Amino acid sequence: MKLYSLSVLYKGEPKAVLLKAAYDVSSFSFFQRSSVQEFMTFTSQLIVERSAKGSRASVKEQEYLCHVYVRNDSLAGVVIADSEYPSRVAFTLLEKVLDEFSKQVDRIEWPIGSPASIHYTALDGHLSRYQNPREADPMTKVQAELDETKIILHNTMESLLERGEKLDDLVSKSEVLGTQSKAFYKTARKQNSCCAIM
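Our subject in this report is the structure included herewith. All of these numbers come straight from a predicted model, not from anything done at the bench. (Residues numbered from 1 in each chain as written. Predicted model: local features only at pLDDT ≥ 70, side-chain atom pairs only at ≥ 80, totals over all residues. Heavy atoms only, no water.)

## Quick word on the pairing of strand β2 (residues 16-23)
Inference 1: As paired strands, strand β1 (residues 3-11) and β2 are joined by seven bridges and run antiparallel to one another. Residue pairing across strands places S7 opposite A21, the latter belonging to β2.
Inference 2: Connecting β1 to the next strand, β2, in antiparallel fashion are four residues. (Pairing = 2+ DSSP bridges. Helix = DSSP H or I, 4+ residues; strand = E, 2+ residues; numbered from the N terminus.)

The following block contains the structure:
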C-alpha cells in the first residue's frame, strides 16, 4: 500500500488550479521522477475538471487509483495511490486536508493561488503519516487487529479439534483401557468442554 500524491486544487471554470501538492516518487527511477510528478499533477487537474461539485469518486488507471473529492465551494483534493490502498482511508485523508486548508488559507486566494503563493505546509506530513493506513486511521487499525485475532482464534480452534479427534480415536481404538476408563474419559471430556466455553 502506497500513497504517491496528495493535491489540493481549486475547481475553476474551465480549468482546475493546483494550489498545493505533495509527492512521494521515491519508488520510481531518479530519471523518471520529474515526469511522473508532472503526470500526477496533470491527472489530478484533469480529474477535478471532469468531476462535479459535491462529489467523490475513485478512478482506476492501470495499477493506480485516483481518489477525488470536490467540495461544493470548489475546493478539491486528489490522492493518487496504488490499488491496494483503502478508499475509506483516502477519503478520510482528503476530508481532513480540505478542512484544514480552508481554515488556514483565505478563500479569496483559492482562484488565483499557486503552489508558490499558498502558505500551507501540512501536506508533506499528511502524505508521510498516511503511508501506513493502519497507523494513521484508528478504524483500520482496529479492523486489522480484529482480523489478526480472528485468524489466531480460527487456527487455535482447528488445532484443538485435530488434537481432540486424534485423542478420541486413540481412546476408542485402545484395547488396554477398560470400559470404566473409557466412560471416565468421556465424562471428563464433556465436563472440560462445558467449562472451556466460559
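## A word on helix α2 (residues 87-104)
Inference 1: Along its 18 residues, α2 runs 26 Å from first to last C-alpha, staying within 8% of the 26 Å computed at 1.5 Å per residue.
Inference 2: Among all positions in α2, only V89, A90, F91, L93, L94, V97, L98 and F101 are buried. (Expected span 1.5 Å × (residues − 1). Buried < 20%, exposed > 50% of the residue type's maximum accessible area, 1.4 Å probe, protein only.)

## Re unusual backbone geometry
Inference 1: For the bond running from E13 to P14, omega is 0°, close enough to zero to count as cis.
Inference 2: Turning to its location among the elements, P14 is positioned in the loop between β1 and β2.
Inference 3: One non-glycine residue, Q62, lies in positive phi territory at about 55°.
Inference 4: Of note, the phi angle at S74 is positive, near 75°, even though the residue is not glycine.

## Observations concerning the environment of S44
Inference 1: On the secondary structure map, S44 appears in helix α1 (residues 33-49).
Inference 2: What makes S44 buried here is its relative accessible area of 0%.
Inference 3: Apart from the residues within four sequence positions on either side, S44 is in contact with S7, L9, V78 and I80.
Inference 4: From its side chain, S44 meets the backbone oxygen of M40 in a polar contact 2.8 Å long. (Contact = heavy atoms within 4.5 Å. Polar contact = N/O pair within 3.5 Å; in protein donor to acceptor, adjacent residues only side chain to side chain.)

## Focus on the sheet that holds strand β5 (residues 75-82)
Inference 1: The strand order across the open sheet built from five strands is β2-β1-β5-β4-β3, with neighbouring strands paired in antiparallel fashion. Among the strands making up the open sheet, the edge pair consists of β2 and β3 (55-61). Put simply, the sheet's adjacent strands are angled 20° from each other on average, direction ignored.
Inference 2: Sitting on the sheet, α2 is in contact with β1, β2, β3, β4 (64-70) and β5, with an inclination near 145° to β5. (Axes fitted to C-alpha atoms, helices over the stretch in contact; angles between N-to-C directions.)

## Section: the environment of S7
Inference 1: Inspection of the secondary structure puts S7 in strand β1.
Inference 2: Linking S7 and L19, residues twelve residues apart in sequence, is a C-alpha distance of 7.7 Å.
Inference 3: A polar contact is formed between the side chain of S7 and the side chain of S5, at a distance of 3.4 Å.

## What about the packing of aromatic side chains?
Inference 1: As enumerated under the stated definition, the model contains five aromatic pairs in all.
Inference 2: Each ring, one from Y4 and one from F28, has its centre 5.6 Å from the other, and the planes form 50°; the classification is tilted. Of the two residues, Y4 sits in strand β1 while F28 sits in the loop between β2 and α1, which places them 24 residues apart along the sequence.
Inference 3: Taking the relative accessible area as the measure of exposure, Y4 reaches 10% and is therefore buried. (Phe/Tyr/Trp six-rings, centres within 6.5 Å; stacked < 30°, edge-to-face > 60°.)

## Quick look at the pairing of β5
Inference 1: Along β5, eight of the eight residues are buried, which leaves the element largely enclosed by surrounding structure.
Inference 2: Two strands pair when backbone bridges link them, and β1 and β5 are joined in this way by seven bridges, in the antiparallel orientation. Across the sheet, residue Y10 finds its bridge partner in β5, namely L75.
Inference 3: In the sheet, β4 pairs with β5 via seven bridges, with the strands oriented antiparallel. Within β5, the residue paired with L65 across the bridge is A81.

These results come straight from atomic positions and should not be treated as a statement about function.
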